[in-house]
Every structure is written in C-alpha cells, then in structure tokens.
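Here's the letter readout for the chains.
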Amino acid sequence: MQYTFRFFKTAFYLCIVAVFLTGFHSTAGAADLPNGGHVTGSILPAGDEDTYTFTANAGDHIELRMTDLDGDSGFCNNLQLFGPSDGTRLAYDTSYTTACIAYTAQETGTYTIIASDSGGDNSATYNIYYARVPGANEHGLLTNDGVHEGVIDVGDLDTYTF
C-alpha cells in the first residue's frame, strides 16, 4: 500500500487468550532485533516458539509488532516481552492481524521477546517490527512542511527523526 506521511493510526482486532506464563529459562539461539527494522521468521512446526533479544536503556520507549504474512492460516500472533533481570513477563499481546506492544524500559539490559501462535496449533511466516526510541531512524530526517512518500505493510513501523 502506498502512503504519504501525514498522520499515523493503527487499528487491529484482538483474539482473547488466557496465558499464564511468568518467565522463561533460556535465550540460547535468540536472534538480535535490528532497531528501526524488522525480521522475518516462521513458526514451524505448529507449537514452535521463536526467541529474539534487544538491548535498551532505562527510559527508552519500545515499539514491537508481529504480523502474520500468510494472512488466512488461522494463526493468531502471540508476542511476549520479558525483562532483563529475572525473565519476568512485562507485556504481551495477541491478534489475528498484528500483535502490538508499546513499553517504556524500566531498567537497562537485554530484553527478550517470544513469538508464537497463541493457540499453539497453527504455523505461519511472520514479520516482527522493532523500534527503540531514542535510536530508531530507519527512514531519515523529517523536514519542516515536507512530504515523505513510501510503502507501509500491515504492522510496519517506519521511523524518522526531526
């Protein structure tokens, strides 16, 4: 979809799932998330979980989005954020379109996210978009009264500075 950068609004539909998870035990094999960019992954086989990490400083604002690229697979994006000191789950969201987490880091360290299907019984290819502010600047400097054109997909985060 083409866009002109003037205003940003996100709409999404939630699937409601009760999850009782208080922590995790290992980040072995976790991939780093690029600030201001995205990674593509696959939940395969059904029930699989993918783990990613990023570093943040206390006070940094973090935006995370997970979007199913297959679109009609019955897959429900499940995105969970865990803290650096003891692995406590800090935030989560589930959605059939785009799972979204907005969080302000309370401590400096390495944070972990886990991506999965909320029901654990579907497979899909997905994108995870990540932006940490300050620091995210994927598309450059905004100019006063300027128009910036580009392309945005469902769940995409385009970051600028001004």
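These remarks concern the structure in this document. (Residues numbered from 1 in each chain as written. Predicted model: local features only at pLDDT ≥ 70, side-chain atom pairs only at ≥ 80, totals over all residues. Heavy atoms only, no water.)

### Examining the packing of aromatic side chains
Part 1: For the structure shown, the criterion picks out two aromatic pairs.
Part 2: Relative to Tyr-111, the ring of Phe-54 lies with its centre 5.6 Å away and its plane at 10 degrees, an arrangement referred to as stacked. In this pair, Phe-54 sits in strand 4 (residues 49-56) while Tyr-111 sits in strand 9 (residues 109-117), placing the two residues 57 residues apart along the sequence.
Part 3: The buried category is assigned to Phe-54, whose relative accessible area is 4%.
Part 4: A relative accessible area of 1% means that Tyr-111 is categorised as buried.
Part 5: Their ring planes at 35 degrees and their centres at 4.6 Å tell us that Phe-54 and Tyr-130 sit as a pair that is tilted. Of the two residues, Phe-54 is situated in strand 4 and Tyr-130 in strand 10 (residues 124-133); the sequence distance between them amounts to 76 residues. For the pair shown, Phe-54 and Tyr-130 are each scored as buried.
Part 6: Aromatic ring contacts, followed pair by pair, group Phe-54, Tyr-111 and Tyr-130 into a single cluster. (Phe/Tyr/Trp six-rings, centres within 6.5 Å; stacked < 30°, edge-to-face > 60°. Helix = DSSP H or I, 4+ residues; strand = E, 2+ residues; numbered from the N terminus. Buried < 20%, exposed > 50% of the residue type's maximum accessible area, 1.4 Å probe, protein only.)

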